[in-house]
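Take a look at the letters that make up each chain.
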Amino acid sequence: MLEFYKGKKVFVTGHTGFKGSWLCKILVNAGAEVTGYSLNPPTNPSLFEIAGIENDIHSIIGDIRDLDALKKAFHEAQPEIVLHLAAQPIVRDSYKDPVYTYETNVMGTVNICECVRQSRTVKSFLNVTTDKVYLNKEWAWGYRENEELDGYDPYSNSKSCSELVTHSYINSFFNDMGIAVSTARAGNVIGGGDFANDRIIPDCIRAAIKHEDIVVRNPYSTRPYQHVLEPLYAYLMIAAKQYEDKKYAGYYNVGPDDQDCFQTGALVDLFVKHWGEGMKWVNQYDGGPHEANFLKLDCSKLKTTFGWKPHWNLDKAIEKVVEWSKCWVEGGDVRACMDKEIEEFLRS
């Protein structure tokens, strides 16, 4: 599938983030001509800098809320494919700064849709949202793409709004223009090079480096965890398929199989097993803001439409996180480590 991207002009928003950096690496390896538009990397250290992604692509540092700057970058790039990942992605941060979260996640989507609408080159556009867009009823089965959108907290809700903005642009403009547009709702991703705050795997790695116990705030919350390469491969597959045939445009859940919807405590158990060195974790609920306890996706549509299935189970995913992280901690070649993981993923 990735040979499709050889020579294609691809515009990626949010390219300096964790997922964006891995996505750029895959695209560059596939021979794509990539332009990235994003703020400076959101963490220090950052995968974007450690892996030298800036040297592989045309990187533009800009704010997704700045329509004029985005239009200028878009006009220069003349992309055929647009992958929109730029977002304020942390639930807890959205409680601290809801206005910025809505400005970025809602008006950012409006702005990228405007650029696509005014473009004469775009054929395929994918907006990456989240599994948290659904009205969470804390039930035991997976949410389907036709369920009600109504995220609870400002982050989740702003992503529900981002979906609705995209739907409106499809109905109002894109259908008549022949542009294929999809949204992808992915579960929680893990992988080497994630240095975010308030995420469980980065917390595990920080504790491992300091030889401290891992603090787990909510060990009983269930999430659809998957290796970062899983949704990225799915995004690229959807964008490529709809480029070739507009009938594939739509809304897609991207998540692991049921057996990989783990409680956070069980996920940390896997991490401890793979890291070794006598690590352990402690349950320390801090009474933080509301987050859903139970969240699972039904990915039947992606599977039946494209014959897609997850490549790696959660045990394998954690093994790969530890492999990359130890390479980085020991001063190894993280670019080579990324290439090796991508190769291995595509072969599996």
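Rules of the game
Residues numbered from 1 in each chain as written. Predicted model: local features only at pLDDT ≥ 70, side-chain atom pairs only at ≥ 80, totals over all residues. Heavy atoms only, no water. Helix = DSSP H or I, 4+ residues; strand = E, 2+ residues; numbered from the N terminus. Rg over C-alpha atoms; globule rule 2.2 N^0.38 Å. Contact = heavy atoms within 4.5 Å. Areas by Shrake-Rupley, 256 points an atom, 1.4 Å probe, with all protein chains shown as cover. Lys, Arg positive; Asp, Glu negative; His and termini not counted. Charge placed at Lys NZ, Arg CZ, Asp CG, Glu CD. Phe/Tyr/Trp six-rings, centres within 6.5 Å; stacked < 30°, edge-to-face > 60°. Buried < 20%, exposed > 50% of the residue type's maximum accessible area, 1.4 Å probe, protein only. Core = buried A, V, L, I, M, F, W, Y, C linked by side-chain atoms within 4.5 Å. Disulfide = S-S within 2.5 Å. Pairing = 2+ DSSP bridges. Axes fitted to C-alpha atoms, helices over the stretch in contact; angles between N-to-C directions. Right-handed = clockwise from strand over helix to strand, strands pointing away. Parallel < 35°, antiparallel > 145°, perpendicular 65-115°, else oblique. Left-handed = near helix turned anticlockwise from the far one by under 90°.

## Side note on the overall build of the protein
Here comes step 1: Helix and strand content of the protein: 12 helices and 13 strands.
Here comes step 2: The C-alpha radius of gyration of the protein comes to 19 Å, within 12% of the 20 Å expected for a compact globule of 348 residues.
Here comes step 3: Oriented by its inertia axes, the alpha-carbon framework of the protein measures out at about 60 × 45 × 40 Å.
Here comes step 4: Taking the contacts inside the protein whose residues are at least 6 apart along the sequence as the reference set, 81% of them involve residues at least 24 apart.
Here comes step 5: For the protein, the accessible surface area stands at approximately 14,400 Å², while carbon and sulfur atoms represent 48% of it.
Here comes step 6: Computed over 38 positive and 48 negative side-chain charges, the inter-centroid distance for the protein is 4 Å.

## Digging into the packing of aromatic side chains
Here comes step 1: For the structure shown, the criterion picks out 18 aromatic pairs.
Here comes step 2: Seen in terms of ring centroids, F125 and F174 are 6.3 Å apart; in terms of plane orientation they differ by 75°. Their pairing is edge-to-face. Within this pair, whereas F125 is found in strand β5 (residues 124-128), its partner F174 is found in helix α6 (residues 154-177), the two being separated by 49 residues in sequence. Take F125 and F174: they sit in the same class, and that class is buried.
Here comes step 3: Note on F195 and W324: the rings are 6.4 Å apart at their centroids and 65° apart in plane angle, and the pair reads as edge-to-face.

## Some words on the nonpolar core
Here comes step 1: Residues Y5, W22, L27, L83, L302 and W308 are the most contacted members of the largest nonpolar core, which totals 61 residues.
Here comes step 2: In contact with L27, other than residues within four places in its own chain, are Y5, V10, V12, A32, V34, L83 and L236.
Here comes step 3: Among the nonpolar cores identified, the runner-up in size contains 24 residues, and A77, C113, C115 and V122 belong to it.

## Structural notes on the environment of I50
Here comes step 1: Locating I50 in the fold gives a position in helix α2 (residues 47-50).
Here comes step 2: For I50, a relative accessible area of 28% puts it in the partly exposed group.
Here comes step 3: Sequence separation between I50 and W328 is 278 residues; the distance between their C-alpha atoms is 8.8 Å.
Here comes step 4: Apart from residues lying up to four places away in sequence, I50 is in contact with P45, F195, W328 and V334.

## So, the state of the cysteines
Here comes step 1: Scanning the model with the defined rule gives zero disulfides in all.
Here comes step 2: Free cysteine: C337, not disulfide-bonded; nearest cysteine sulfur from C327 at 4.4 Å.
Here comes step 3: Note on C337: relative accessible area 9%, which makes it buried.

## Remarks on the sheet that holds strand β4 (residues 81-84)
Here comes step 1: Judged by pairing direction, the sheet is parallel, and its seven strands sit side by side in the order β3-β2-β1-β4-β5-β6-β11 without closing on themselves. Strand pairing shows two members of the sheet lacking a second neighbour, β3 (58-61) and β11 (251-254), which therefore form its edges. Shown here is a sheet whose adjacent strand axes are inclined to one another by a mean of 15°, direction ignored.
Here comes step 2: Bridging between strand β1 (residues 9-13) and β4 involves four bridges; their strand directions are parallel. Note on β4: the bridge partner recorded for F11 is V82.
Here comes step 3: Across the sheet, helix α3 (residues 67-77) lies against β1, β2 (33-38), β3 and β4, angled at about 160° from β1, the strand it touches most.
Here comes step 4: Strand contacts of helix α5 (residues 98-117): β1, β4 and β5, with the helix running at about 180° to β4, the strand carrying the most contacts.

## Regarding the pairing of β5
The side chains of a regular strand alternate, residue by residue, between the two faces of the sheet.
Here comes step 1: Of all the five residues making up β5, five are buried; the element is thus mostly covered by neighbouring parts of the structure.
Here comes step 2: Burial along β5 is two-sided: the residues S124, L126 and V128 and F125 and N127 are all buried.
Here comes step 3: Here β4 runs beside β5; their pairing, made up of four bridges, is parallel. When the bridges of β5 are listed, V82 appears paired with F125.
Here comes step 4: Strand direction decides the pairing type here: β5 and strand β6 (residues 180-186), joined by five bridges, are parallel. Bridge pairing in β6 links F125 to V181.
Here comes step 5: In this region the chain leaves β5, passes through α6 and returns to the parallel neighbour β6; the handedness of that crossover is right-handed.

## Examining the packing of helix α11 (residues 314-329) against helix α12 (residues 334-347)
Here comes step 1: Relative orientation of the contacting elements α11 and α12 amounts to 160°, with a least axis distance of 9 Å. Considered as vectors, α11 and α12 are oriented roughly antiparallel to each other. Crossing of α11 against α12: the hand is right-handed. On α12, the residues touching K316, K320, E323, W324, C327 and W328 of α11 are V334, C337, M338, K340, E341 and E344.

## Some points on the side chain of K296
Here comes step 1: Its location among the elements puts K296 in the loop between β13 (281-283) and α10 (300-306).
Here comes step 2: Owing to a relative accessible area of 13%, K296 belongs among the buried residues under this scheme.
Here comes step 3: Among all residues touching K296, those that are not within four sequence positions of it are A140, W141, G142, Y143, D258 and C261.

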